[in-house]
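In case you want the letters, here they are:
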Amino acid sequence: NTANKGHKQHRAQRLPATITMTLLLRPALFIITAALSAAVEESPPPQREEQYKILPSPDLLNRLLYLSTTYPNFCTLTTTQEWFGLPRAGEDGDCPFDELYAAAQKSAQGDDDKTSAASGKGCNNYVLIIQDKEAYPNDPDIQLDVNFQTSSSSQQQQQQQQEGWKFVPDVFLSGSVHGNERVGPTSLVEMSELLLESAACESLPRMKFQPSDSNDNDDDASGQDTTNDAVKFTQEQWEQELSTAQTCRQSLTTNKGIPSPLRQWLARLVTTRRTIIIPTANALGYSRNKREEGSIDPNRDFPFDIEQYHESECMQTIAGRSINELWRSHLFQIGLTFHGGMEVIGYEWGAPTYLNLDAPDALAQDQIAHAYSRYSNGFPGHVPYDFGTMNDKVYYVRGGMEDWAFAGSWDPDRVVQCTPTTYGGYPPEKTVYNNSTLRAFNMLIETSDKKEPMREDLGSRHDPLISTNGRDNGHVARNIRLALLAMDVVEPYVSIRGVEELMFEDDVIPTMNLKRSPTSYYDDAKLVWVPGGDKKSTTRKITWTVGGAMTIDGTEIVYGLWDDLPTQLAESTSGFYPSMETRNVIDTKFQVVQPSNVEGGTSGGRSRWHADGAYPAEPEGGDTYEKIYNYDPVFKAFIDTGKMPPGTTIAVFARAKVDKDWATSAANVGPAGLGPASHIVNARTNPSYFASNAGKVIHGREYSWWYSDPITVLVGDAKEAEGWDINDPTASGLTHFSLSSNARGVVTAVHVNARFAGKAELTETFSRPVPRTGGGDTTPKRSSSASAALVVMLLIAIGIFVRLVRPRRRRRAYRQTVAVSTDVEGGDDFDASYRDDVGNEGIGDLELRIS
């Protein structure tokens, strides 16, 4: 308690007399390369042909190499041969193109000699890992990338525990277990490019390069610029990344049909999931365009429900062993395996032992499969995918991957230890599994009636994420969306998206992990200024959404003083968020507000994936937020800030409970009497659930609540806001503030630490306003109202002293980006302008404030 008290006193001392100092609090600089920005800047994504085409093995490898070298902060390319020491399947003449990978590996290690780049006999089994390496640098999967540097300092070791990599959910995507079923690999590679390009773009400009007092330009007495090289690099890097960010955002919107909301969604999927993609599990079969790996069917090669005394007939293929090793080293909750020969989505059961029986968690599987079918949709000549159990819609098999991945950990009577003799054998202990390894929904996607469809039936790149039943849709296009949905629904999430009519330009920022920041969430959360202090009931609208689920059973806003919260909001020993201490504070000291736009006296709704569509959803003609996010549920609640004194700093969280109906067991379940068995259902419905494998963890949620990251609401002076005339920005100190023609209101919300005005129609960019003469001082404060008044008076006195007695004249060159919301008569309209360098002659630090 003493240490915590001392920390809070230190934080109180750090609290600035103005918002200026708050603006200058930035995340610590991490020692990493600038490869991300350079890749996006120097190597813009190539223009692909509008119509998708099936990629043969050499082209697939070229695309994988392009992704791994262009987006090194977000993906790693390896092989199961390198990762797990598996042999290659095939002969000397198979997969000669693998020399490209061997040459690339040598080049990455600084060896430019390509003369001995042969990969060896047979075919590599490639694995693409998509994850946010900067956010979770201590994830063991990242260690596969020898070029990614991490620190072993004591601070980094502490951050390793705090960053929470072990709780990042795992997703498994397999493109081709049968080598002649061709849609899956192309779909996954095309999806990967969309994900990685969006995440790289969304990460720019990186906050560590944002200008602050530490990198202002300074002149010495002779007028010479004394700015050091490191500061100049930071400034130049920020300018470059800002320019690149604007360019790539526009390119994604114009050239690929991915506007800002969809770009942010794709970036979220990259930075909050760990996705393991094996595009051609049967690499030999795919290269030969043959179903089997040699003479063995890989999808009969798994140790589940096989006949007695046939232990030597599983794990015979390198495809099966590659998949087995990936599952042994992860904790997958959801997966897809792409096939061909019909058009259907199949889920458990598909094993003969459970013929005519429902699987545990059948309701959840059915809802997810239905969502896959709806979002992937159909196109002329092809209806949306049918869906149901594999026993009903396809046929049962022994040794199938889908049932093995679902039940191998909890149905041991169906599992055997494999003793194959192929490729020199395989250790039998590798088919012994703990209680957590195999509990995933791993659905079969039969992509197309023809195993290699005609190109005109594959779809086009036009608006690839919009569900349509037109000619732009096709077998590749719809399976891109289907795989993205699987990544989304693996774990629920809650996101606060706006205050008043201000919509945040960012959702999740790739490369940033608030758990790893030395200053924790307080300094790095979105900071919004709102007017208050009028001693009247003044409510401020909070807007949020819920994703990664089907049914939203309840959701609400909780808010209270930042000063009541612990220093770290996540568990210091594991990174689990929020910590027990944080939850206890929220439960005992925070106020709860129910959504105001849900009918029927409930607080729930429906996600965008629900069969009945998103709810609550504003009708056409709603406000700006709903027009852009019309596919997401939009919840609204109002918090009362009117009676809070200026300087009050509050934390606002949104939280939700989801999918409790998934815990309902089918009447005809097999094995009889079994309740929820899968990770994905237990994580949502069982607060005490705990599963662990290979260092990864799935943890149930107390009272089943899923929490958003917090935002900070700083209460300012309402009288000061009344003095701002946004129709005359120069007179009000709101210089460089562009207005639309019908803006006639007062400022109601200011996003103080916005990265930049990313959407011209929704945000404003302007220099920090100089207060009116005699204006009050707004001091960020997290204490009682009595102490608030004393602190405000003290800071005013200091401000007068600084201005009159010790004037400082410094020339500054900086950019400050602030997003603004306005109350408008007759509707809302927004505009934007960019201001690069704003000179502020004769303005001291304490004078740069928003009151």
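Residues numbered from 1 in each chain as written. Predicted model: local features only at pLDDT ≥ 70, side-chain atom pairs only at ≥ 80, totals over all residues. Heavy atoms only, no water.

A.B. asks: Any details on the overall build of the chain? Residues and values, ideally.
C.D. replies: The number of helices and strands found in the chain is 23 helices and 23 strands. A separation of at least 24 residues holds for 83% of the contacts in the chain among residues at least 6 apart in sequence. (Helix = DSSP H or I, 4+ residues; strand = E, 2+ residues; numbered from the N terminus. Contact = heavy atoms within 4.5 Å.)

A.B. asks: Quick one: what's the story with the packing of aromatic side chains, residue by residue and with numbers?
C.D. replies: What the rule picks out here adds up to 21 aromatic pairs. Their ring planes at 10° and their centres at 6.2 Å tell us that F304 and W349 sit as a pair that is stacked. Of this pair, F304 sits in the loop between helix 11 (283-288) and helix 12 (318-328) while W349 sits in the loop between strand 6 (344-347) and helix 13 (362-376), and the two are 45 residues apart along the sequence. Overall, the relative accessible area of 0% leaves W349 in the buried class. (Phe/Tyr/Trp six-rings, centres within 6.5 Å; stacked < 30°, edge-to-face > 60°. Buried < 20%, exposed > 50% of the residue type's maximum accessible area, 1.4 Å probe, protein only.)

A.B. asks: Now, about the pattern of salt bridges: what can you tell me, with residues and values included?
C.D. replies: The final tally for this structure, using the stated rule, is 38 salt bridges. Where K256 meets E193, a salt bridge forms, and the shortest distance between an N and an O atom there is 3.7 Å. Here K256 is found in helix 9 (residues 229-256), whereas its partner E193 is found in helix 8 (residues 183-202), with 63 residues between them in sequence. Look at K256 and you get buried, because its relative accessible area is 16%. Given a relative accessible area of 2%, E193 falls into the buried group. Here the salt bridges do not stand alone but share partners, grouping R48, R63, E190, E193, E197, K256 and R461 into one network. (Salt bridge = Lys/Arg side-chain N within 4 Å of Asp/Glu carboxyl O.)

A.B. asks: I'd like to hear about the side chain of S448, residue by residue, with values.
C.D. replies: Assignment of secondary structure puts S448 in the loop between strand 8 (441-446) and helix 16 (475-489). Given the relative accessible area of 1%, S448 is considered buried. Among the polar contacts listed, one links the side chain of S448 to the side chain of T447, at a separation of 3.5 Å. (Polar contact = N/O pair within 3.5 Å; in protein donor to acceptor, adjacent residues only side chain to side chain.)

A.B. asks: Please set out the sheet that holds strand 10 (residues 502-503) residue by residue, giving values where relevant.
C.D. replies: One open sheet accounts for four strands, arranged 10-9-12-16; its pairing is antiparallel. In this open sheet, the two edge strands, each paired with only one partner strand, are strand 10 and strand 16 (635-640). (Pairing = 2+ DSSP bridges.)

A.B. asks: Provide a residue-level description of helix 13, including the pertinent values.
C.D. replies: With 15 residues, helix 13 should reach 21 Å at 1.5 Å per residue; the first-to-last C-alpha distance of 21 Å fits that figure. The element helix 13 is largely enclosed, with a buried count of eleven among its 15 residues. Within helix 13 the residues assigned to the buried category are A362, A364, Q365, Q367, I368, A369, A371, Y372, S373, Y375 and S376. N377 occupies a position one or two residues after helix 13 and carries a positive phi of about 65°. (Expected span 1.5 Å × (residues − 1).)

A.B. asks: Residue-level account of the packing of helix 4 (residues 57-70) against helix 8, with values.
C.D. replies: Two numbers describe how helix 4 lies on helix 8: the axes approach to 11 Å, and their chain directions differ by 20°. Comparing their axes, helix 8 and helix 4 come out roughly parallel. Note that helix 4 runs across helix 8; the crossing there is left-handed. Every residue of helix 8 that contacts helix 4 at L60, R63, L64, Y66 and L67 is listed here: P185, T186, V189, E190, S192, E193 and L196. Of the residues belonging to the contact of helix 4 with helix 8, the class tally is seven nonpolar, two polar and three charged. (Axes fitted to C-alpha atoms, helices over the stretch in contact; angles between N-to-C directions. Parallel < 35°, antiparallel > 145°, perpendicular 65-115°, else oblique. Left-handed = near helix turned anticlockwise from the far one by under 90°. Nonpolar A, V, L, I, M, F, W, Y, C, P; charged D, E, K, R; others polar.)

A.B. asks: Before we move on, could you go through the state of the cysteines and cite the residues and values that matter?
C.D. replies: Under the definition given, this model contains three disulfides. Here C201 engages in a disulfide with C248; their sulfurs sit 2.0 Å apart. With the S-S bond torsion at 90°, the cross-link from C201 to C248 turns out right-handed. Of this pair, C201 sits in helix 8 while C248 sits in helix 9, placing them 47 residues apart in sequence. Pair check on accessibility: C201 and C248 agree, each one buried. (Disulfide = S-S within 2.5 Å.)

A.B. asks: So what about the environment of L61? Which residues, and what values?
C.D. replies: As for its placement among the helices and strands, L61 is situated in helix 4. Relative accessible area serves as the criterion here: at 1%, L61 is assigned to the buried category. C-alpha separation for the pair L61 and V189, spaced 128 residues apart in sequence, amounts to 9.7 Å. Each residue touching L61, except ones within four places of it in the same chain, is listed here: F97, D98, L100, Y101 and Y126.

A.B. asks: I'd like a rundown of the pairing of strand 9 (residues 493-499), residues and numbers included.
C.D. replies: Taking burial as the measure, the seven residues of strand 9 include seven buried ones, the bulk of the element. Note: strand 9 against strand 12 (residues 539-547), six bridges, orientation antiparallel. Following the sheet pairing, G498 is matched in strand 12 by T543. Bridging between strand 9 and strand 10 involves two bridges; their strand directions are antiparallel. From the neighbouring strand, V499 faces strand 10, where its bridge partner is L502. Where strand 9 folds back on strand 10, the antiparallel hairpin that results is connected by two residues, among which E500 adopts a positive phi of roughly 55°.

A.B. asks: Go over the sheet that holds strand 3 (residues 170-174) with me, naming the residues and quoting the values.
C.D. replies: Overall, mixed pairing links the eight strands, which are arranged 1-2-4-3-5-8-6-7 in an open sheet. On the outer flanks of this sheet lie strand 1 (75-79) and strand 7 (386-389), each paired with one strand and no other. Strand-to-strand twist across the sheet, computed as the mean angle between neighbouring axes with direction ignored, equals 20°. For strand 3 and strand 4 (residues 274-278), the ladder comprises five bridges, and the chain directions are parallel. Residue pairing in the sheet places V171 in a bridge with T275 of strand 4.

A.B. asks: So, the side chain of N513: which residues are in play, and what are the values?
C.D. replies: Tracing the chain through its elements places N513 in the loop between strand 10 and helix 17 (520-524). There is a polar contact of 3.0 Å between the side chain of N513 and the backbone oxygen of A135. A polar contact of 3.0 Å, which involves the side chain of N513, links it to the backbone oxygen of E163. Setting aside residues no more than four positions away along its own chain, N513 makes contact with A135, Y136 and E163.

A.B. asks: Run through the pairing of strand 22 (residues 747-751), naming residues and quoting values.
C.D. replies: Within a regular strand, the side chains alternate between the two sheet faces. The element strand 22 is largely enclosed, with a buried count of five among its five residues. In this structure, strand 11 (residues 526-532) lies alongside strand 22, joined through two bridges in antiparallel fashion. Note on strand 22: the bridge partner recorded for V528 is H751.

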